[in-house]
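Spelled out, the chains give:
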Amino acid sequence: MSLPATGAATLAPRRSSRFVAWVRAWRAGLVPFDEVADEIAGDEEHLVADAPGTWTDVSLREALPSLAKLSPDEIRLVLPAPGDPRGLPGPGEFAGAALLAGEAVVASGLGLVPEVRTHTSGSGMTWETVLWRVHPLPADALKASLAAPGAAEAEAELAAALAETTAALTRLDVAQWRPELAGALAALRRPDGATDLPPGFDPRARRLFARAAVLDRVLALAGESAPGGAVNTYEAQQRDAALRPLTTACRQALVAACNAPLRP
């Protein structure tokens, strides 16, 4: 049995961000092709459906050559959300899938959206695979994704939103019903030298990605229902309102970091 796993990816790094970063670095000649698929997939199994020139699902490594003629700037990350479709080329099948997943890749005339699928064996064991579904896009699809803010602007907006949201969550006493958030938010305020981007990205993009990638997972946790019914409907609404500006700033930070200009 195989079916899309709703919400299964919420606490994992956005797969599209790693896809864009590593494919762009490959197309810039900064990393070898042989490393790209493994860096994107990590410990997961990644397949691709409807890749050009294929008639069945193929491995990510087999599908990547279809992007071999693209320049780094033709490969862009988009992280749309309901009410905020920035980066999408307009209504259509790709836009609908990207909004449902909350992430996608625009690669010139192709759009790729990851679907996390859960499988159950006859003995009851479950495991996940990631299926990248390829959608044809109009020739001008890249235009919408080029209007995103740069890394400097996104970093400033993220810092301001983080300070404001942390104060709001403290007032709401979120730590009472999600105690793990207090440590996570405190860690984000400390300098973080970790980088998770391939060669070619400048220090600002690396710093922005490292912070936003961790924060993205913290926000997913904060937005979940509290265990044991520790929060009522009004408190949940207050929490969601407090998180909304930071969630938007975080998405734009990831987009700006992964789409930043590459340097040799």
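This text goes with the structure placed above it.
Let us look at the structure shown here. No experiment lies behind these values; they were computed from the predicted model shown.

This part covers the pairing of strand 7 (residues 126-136). Examined bridge by bridge, strand 2 (residues 46-49) and strand 7 share four bridges and lie parallel to one another. Bridging from a neighbouring strand, Leu47 pairs with Leu131 of strand 7. Examined bridge by bridge, strand 6 (residues 110-120) and strand 7 share 11 bridges and lie antiparallel to one another. When the sheet's bridge partners are listed, Gly111 is paired in strand 7 with His135. Connecting the antiparallel pair strand 6 and strand 7 is a turn made up of five residues, with Gly124 showing a positive phi of about 95°.

Moving on: the packing of aromatic side chains. Tallied over the full model, the rule gives two aromatic pairs. A ring pair is formed by Phe19 and Trp132, whose centres lie 4.7 Å apart and whose planes are at 45°; its orientation type is tilted. One end of the pair, Phe19, is in helix 1 (residues 15-27); the other, Trp132, is in strand 7, with 113 residues separating them in the sequence. Trp132 shares its class with Phe19; the two are buried. An angle of 55° between the planes, with centres 5.3 Å apart, marks the rings of Trp26 and Phe33 as tilted. For Trp26, a relative accessible area of 10% gives the class buried.

A few words on empty space enclosed by the protein. For the coordinates displayed, the defined rule picks out three cavities of 30 Å³ or more. Around the largest cavity, the lining residues are Phe19, Val48, Ala51, Pro52, Leu60, Ala63, Leu64, Ser66, Leu67, Leu110, Leu112 and Val134. Class assignment for the residues of the lining of the largest cavity results in 11 nonpolar, one polar and no charged.

Next up on the list: unusual backbone geometry. Phi is positive for Asp50, close to 65°, though the residue is something other than glycine. Relative accessible area serves as the criterion here: at 49%, Asp50 is assigned to the partly exposed category. We note that Ser108 has phi near 55°; this positive angle belongs to a residue other than glycine. Given a relative accessible area of 22%, Ser108 falls into the partly exposed group.

Glancing now at the pairing of strand 6. Taken across its 11 residues, strand 6 has nine buried, putting it largely inside the fold. Relative to strand 6, strand 5 (residues 104-107) is paired through three bridges, and the arrangement is antiparallel. The partner of Val105 across the bridge, within strand 6, is Leu112. Counted along the chain from strand 5 to the antiparallel partner strand 6, the turn is two residues long, and its residue Ser108 has a positive phi close to 55°.

Three or more residues of helix 2 (residues 33-41) are buried, namely Val36, Ala37, Ile40 and Ala41. Buried residues in helix 2, looked at end-on, bunch into an arc of 105°, giving them a common side. Where helix 2 is buried, its residues touch helix 1, strand 2 and helix 3 (60-63). The positive-phi residue at the C-terminal boundary of helix 2 is Gly42, with phi of around 60°.

Parameters at a glance
Residues numbered from 1 in each chain as written. Predicted model: local features only at pLDDT ≥ 70, side-chain atom pairs only at ≥ 80, totals over all residues. Heavy atoms only, no water. Pairing = 2+ DSSP bridges. Helix = DSSP H or I, 4+ residues; strand = E, 2+ residues; numbered from the N terminus. Phe/Tyr/Trp six-rings, centres within 6.5 Å; stacked < 30°, edge-to-face > 60°. Buried < 20%, exposed > 50% of the residue type's maximum accessible area, 1.4 Å probe, protein only. 1 Å grid on protein atoms, 1.4 Å probe; cavity = no way out; pocket = protein on both sides within 12 Å on 5 of 7 lines; lining within 4 Å. Points joined across faces, edges and corners; volume = space filled by probe spheres on them. Nonpolar A, V, L, I, M, F, W, Y, C, P; charged D, E, K, R; others polar. Arc of directions from axis to C-beta. Contact = heavy atoms within 4.5 Å.

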